[in-house]
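Structural features, examined
Now for the letters of each chain:
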Amino acid sequence: MNLAPRHTQLLDDVRARGPQTIEALAERFGVTLQTVRRDVQRLAEAGLLSRFHGGVRLPGSTTENIAYRQRQAMQSEAKRAIARAIAQRVPNGCSLILNIGTTIEAVGHELLRHRGLRVITNNLHIAALLSTNPDCEVIVAGGLVRGADQGIVGEATVDFMRQFKVDIGLIGISGIESDGTLRDFDYREVKVARTIVEQSREVWLAADHSKFNRPAMVELARLDEIDVVFTDAPPPPPFGELMAQGHVECVVADRTDDPA
């Protein structure tokens, strides 16, 4: 689902302020109750909001992520823009670890014309995709395959990742909280991602604008452990300041070149 600007603003407002009444949203955005109800209905049908009597809240909780197929459809233009920006920075002939996530899978599509890559991944979607590139060597981690999204997790995966030291570790994330912590939902996935951070000479984070101020249960790392953050819009306060303090480069991808 590609969101209209008002839909994105409404979703960001609920994410920032918590549960909202229909009346409050209508007043804040200067539109009618009927317009807000239509917007909310569309966002609820896409799984981006949950309705309750008289209002809306974010779906799920800090303990449960949105379903994989819904995440694939969310912010698709933003993910493509971020993926293009990342691919432009990946040199031919380098080594990478790519982890789990729909944004990281978008990056995989953009790397199909790169040459001489050695890619280690715990994501079966990425492994299948990049193995079609004859100039790319793909190494797949061992471990437990998570049926929901074909991600590989667990202690065996952690041990596997510890064998390598790569040029770039590219990770996705479910949420970045205002204290600068990067968070996700599955502690097994987090342990693998934490290992990727430790085994990478540079750590790149792919996170569309919806990830800022989104809560999740398990801490993965802190912003100042990341070298480059790729996103699709200038981060809201206080994230710009946190990145500046931590000497983290922030790359805001340009959506205007989207060929789709």
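Below or above, wherever it landed, is the structure these notes cover.

Covalent bonding between the sulfur atoms of two cysteines is what defines a disulfide. Across all of its chains, the model carries zero disulfides by this definition. Sulfur of Cys 94: no disulfide; nearest cysteine sulfur belongs to Cys 136 and is 9.5 Å away. Residue classification places Cys 136 among the buried residues on the basis of a relative accessible area of 9%.

What follows deals with the nonpolar core. Within the largest apolar cluster, 30 residues are counted, with the highest numbers of intra-cluster contacts made by Met 161, Ile 171, Ile 176, Leu 182, Leu 205, Leu 220 and Ile 226. Per-element accounting of this core gives the leading share, five residues, to helix 9 (residues 187–198). Excluding residues that lie within four positions of it along the chain, Ile 171 makes contacts with Asn 99, Ile 104, Ile 196, Val 197, Val 203, Trp 204, Leu 205, Ala 206, Leu 220 and Ile 226. Membership of the second largest hydrophobic core comes to 27 residues, among which are Ala 85, Ile 86, Val 107 and Ala 253.

Right, let's talk about the sheet that holds strand 15 (residues 249–252) for a bit. In spatial order, the strands read 6-5-4-9-12-14-15; together these seven strands make up an open sheet with parallel pairing. Looking at which strands have only one partner, the edges of the open sheet turn out to be strand 6 (136–140) and strand 15. Each strand axis lies, on average, 20° off the axis of its neighbour in the sheet, ignoring direction. Where strand 9 (residues 166–172) and strand 12 (residues 200–206) come together, six bridges link them in parallel fashion. Bridging from a neighbouring strand, Gly 172 pairs with Ala 206 of strand 12. Against the sheet, helix 6 (residues 102–110) makes contact with strand 4 (95–98), strand 9 and strand 12, and its axis sits at roughly 130° relative to strand 9, the strand it touches most.

Conventions used here
- For every chain, the first residue of the written sequence is number 1, and numbering continues from 1 along that sequence.
- pLDDT decides what is reported in this predicted model: residues at 70 or higher carry local features, side-chain atom pairs at 80 or more are listed and counted, and totals for whole chains, interfaces and linings draw on all residues regardless.
- With hydrogens and water stripped out, all remaining heavy atoms of the structure feed into the side-chain values.
- The disulfide criterion is simple: two cysteine sulfur atoms within 2.5 Å.
- The buried label applies to any residue whose accessible area, calculated with a 1.4 Å probe on protein chains only, is under 20% of its type's maximum; exposed applies above 50%, and partly exposed to all values in between.
- Note on terminology: a nonpolar core comprises buried Ala, Val, Leu, Ile, Met, Phe, Trp, Tyr and Cys residues joined through side-chain atoms within 4.5 Å.
- Put simply, DSSP marks the helices as runs of H or I at least four residues long and the strands as runs of E at least two long, and each gets a number from the N terminus on.
- Contacts were defined at the residue level, with two residues in contact if any of their heavy atoms lie within 4.5 Å.
- At least two DSSP bridges between two strands are needed for those strands to be called paired.
- Axis geometry follows a simple rule: fit a line to the C-alpha atoms, using only the stretch in contact for helices, then measure angles between N-to-C directions, giving values from 0 to 180 degrees.

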